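Residue-level listing of the chains:
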Amino acid sequence: MGLWVKTNRLIKWAFPKYIWDIPNNANTIYLTFDDGPIPEITEWVLDVLKEHGIKATFFCIGDNIEKHPDIFHRVIREDHAIGNHTFNHLKGWSTPKKDYIENSMLCEKAIQQHVKGDGQGTKLFRPPYGKISPSQSRLLRRLGYKIVMWDVISMDFDKNTTPEKCLENVMKNAASGSVIVFHDSIKAFGNLQFVLPEAIRRLKEKGFVFDKIS
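Residues numbered from 1 in each chain as written. Predicted model: local features only at pLDDT ≥ 70, side-chain atom pairs only at ≥ 80, totals over all residues. Heavy atoms only, no water.

Here's the deal with the overall build of the chain
On a plain count of helices and strands, the chain comes out with eight helices and eight strands. In terms of overall dimensions, the chain has a C-alpha envelope of 45 × 40 × 35 Å along the principal axes. The buried share among the 214 residues of the chain stands at 53%. The long-range fraction of contacts in the chain, counting pairs at least 24 apart against all pairs at least 6 apart in sequence, stands at 76%. A total accessible area of about 10,000 Å² is found for the chain, and carbon and sulfur atoms account for 53% of it. With 30 positive and 25 negative side-chain charges, the chain shows a spacing of 8 Å between the two charge centroids. (Helix = DSSP H or I, 4+ residues; strand = E, 2+ residues; numbered from the N terminus. Buried < 20%, exposed > 50% of the residue type's maximum accessible area, 1.4 Å probe, protein only. Contact = heavy atoms within 4.5 Å. Areas by Shrake-Rupley, 256 points an atom, 1.4 Å probe, with all protein chains shown as cover. Lys, Arg positive; Asp, Glu negative; His and termini not counted. Charge placed at Lys NZ, Arg CZ, Asp CG, Glu CD.)

Some words on the side chain of Asn191
Within the element layout of this structure, Asn191 appears in helix 8 (residues 189–205). For Asn191, a relative accessible area of 10% translates into the label buried. At a separation of 3.0 Å, a polar atom in the side chain of Asn191 contacts the main-chain carbonyl oxygen of Thr161. Residues contacting Asn191, with those up to four places away along its chain left out, are Met155, Asp156, Asp158, Thr161, Thr162, Pro163 and Cys166. (Polar contact = N/O pair within 3.5 Å; in protein donor to acceptor, adjacent residues only side chain to side chain.)

Points about the packing of helix 7 (residues 163–173) against helix 8
For the pair helix 7 and helix 8, the least separation of the axes is 9 Å and the interaxial angle reads 35°. In this structure, helix 7 crosses over helix 8, and the sense of that crossing is right-handed. Taken together, the residues of helix 8 that come into contact with helix 7 (itself represented by Pro163, Glu164, Cys166, Leu167, Val170 and Met171) are Asn191, Phe194, Val195, Glu198, Ala199, Arg202 and Leu203. (Axes fitted to C-alpha atoms, helices over the stretch in contact; angles between N-to-C directions. Left-handed = near helix turned anticlockwise from the far one by under 90°.)

Looking at the nonpolar core
With 40 residues, the main nonpolar core has Leu31, Phe33, Leu49, Phe58, Phe182, Leu196 and Leu203 as its most contacted residues. Mapped onto this core, the elements with two or more residues apiece are strand 1 (28–34), helix 2 (41–52), strand 2 (57–60), helix 4 (69–77), helix 5 (97–115), helix 7, strand 7 (179–183) and helix 8. Sort the elements by how many residues they give to this core and helix 8 lands first, with seven residues. Those residues in contact with Phe182 that lie beyond four places of it in its chain are Leu31, Thr32, Phe33, Asp34, Ser154, Asp156, Val170, Leu192, Val195 and Leu196. (Core = buried A, V, L, I, M, F, W, Y, C linked by side-chain atoms within 4.5 Å.)

Some remarks on the pairing of strand 1
The side chains of a regular strand alternate between both faces of the sheet. Most of strand 1 is tucked away, with seven of its seven residues classed as buried. Sheet analysis places strand 1 next to strand 7, joined by five bridges and oriented parallel. Opposite Asp34, over in strand 7, you have His183 as the bridge partner. In this structure, strand 1 lies alongside strand 2, joined through three bridges in parallel fashion. Paired with Phe33 across the bridge in strand 2 is Phe58. Between strand 1 and its parallel partner strand 2, the chain crosses via helix 2, and the hand of that crossover is right-handed. (Pairing = 2+ DSSP bridges. Right-handed = clockwise from strand over helix to strand, strands pointing away.)

Describing helix 7
Every buried residue of helix 7 is accounted for by Cys166, Leu167, Asn169, Val170 and Met171. Those residues of helix 7 that are buried lie in contact with strand 6 (152–153), strand 7 and helix 8.

Considering the state of the cysteines
Considering all chains together, one arrives at zero disulfides under this definition. For the unlinked cysteine Cys60, the closest cysteine sulfur is that of Cys107, found at 7.3 Å. (Disulfide = S-S within 2.5 Å.)

Let's talk about helix 4
By the burial criterion, the buried members of helix 4 are Ile71, Phe72, Arg74, Val75 and Ile76. Looking at the buried side of helix 4, the elements it contacts are helix 2, strand 2, helix 3 (62–67), strand 3 (81–84) and helix 5. Directly after helix 4, the chain includes Asp79, whose backbone phi takes a positive value near 70°.

A few points about the packing of aromatic side chains
Going through the model one piece at a time under the given rule, you end up with seven aromatic pairs. Ring centres 6.1 Å apart and planes at 50° place the aromatic pair Tyr18 and Trp20 in the tilted group. In this structure Trp20 comes out as buried when scored by relative accessible area, which is 4%. Taken together, a centroid distance of 6.1 Å and an interplanar angle of 70° make the contact between Tyr100 and Phe125 edge-to-face. With a gap of 25 residues between them, Tyr100 in helix 5 and Phe125 in strand 4 (residues 124–125) connect regions that are remote in the sequence. (Phe/Tyr/Trp six-rings, centres within 6.5 Å; stacked < 30°, edge-to-face > 60°.)

What follows is the structure in structure tokens.
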């Protein structure tokens, strides 16, 4: 799961309780960013989004929130949506359920310490690597979380994927309702610097509008 640039329809059918896309008639798509907040990189992403008047969704790692609270506050201040991405970027398939949930709740605690009073809590959860066991998912959903996967992944994190290929991945596969994944991470930044502004420009030309996930 997660290796397809465009998530296979059978996967969406097999896991209907996850959010893969958000169908709508308004040509709306949803940009999402995983793994921040990271100095300079997340700030650069925020600058690009602000320049284009776009709201997005940031799936944050709790450890990065604690290390970089000022950047996290900026994400909140600029009215983007926040999602839980575990505290330590755990791979669900190889982590016991108890440890996985405890780590996710540590991330939730880090988020809540900073969003308190801002009226911007989070009940969005994206499993790192897109890997989560049925029992982990069930418990998180019981706790009120929406499990947010994706319809299109740019592959910006992959060192074997060129910036031009990342752009092609997005442009060939984006459709109304698509949840699109980018990464505000050190590993992805070389590709992201090229693909994000250009994808936004071309998607706007195609008549797409952007929103955050709620």
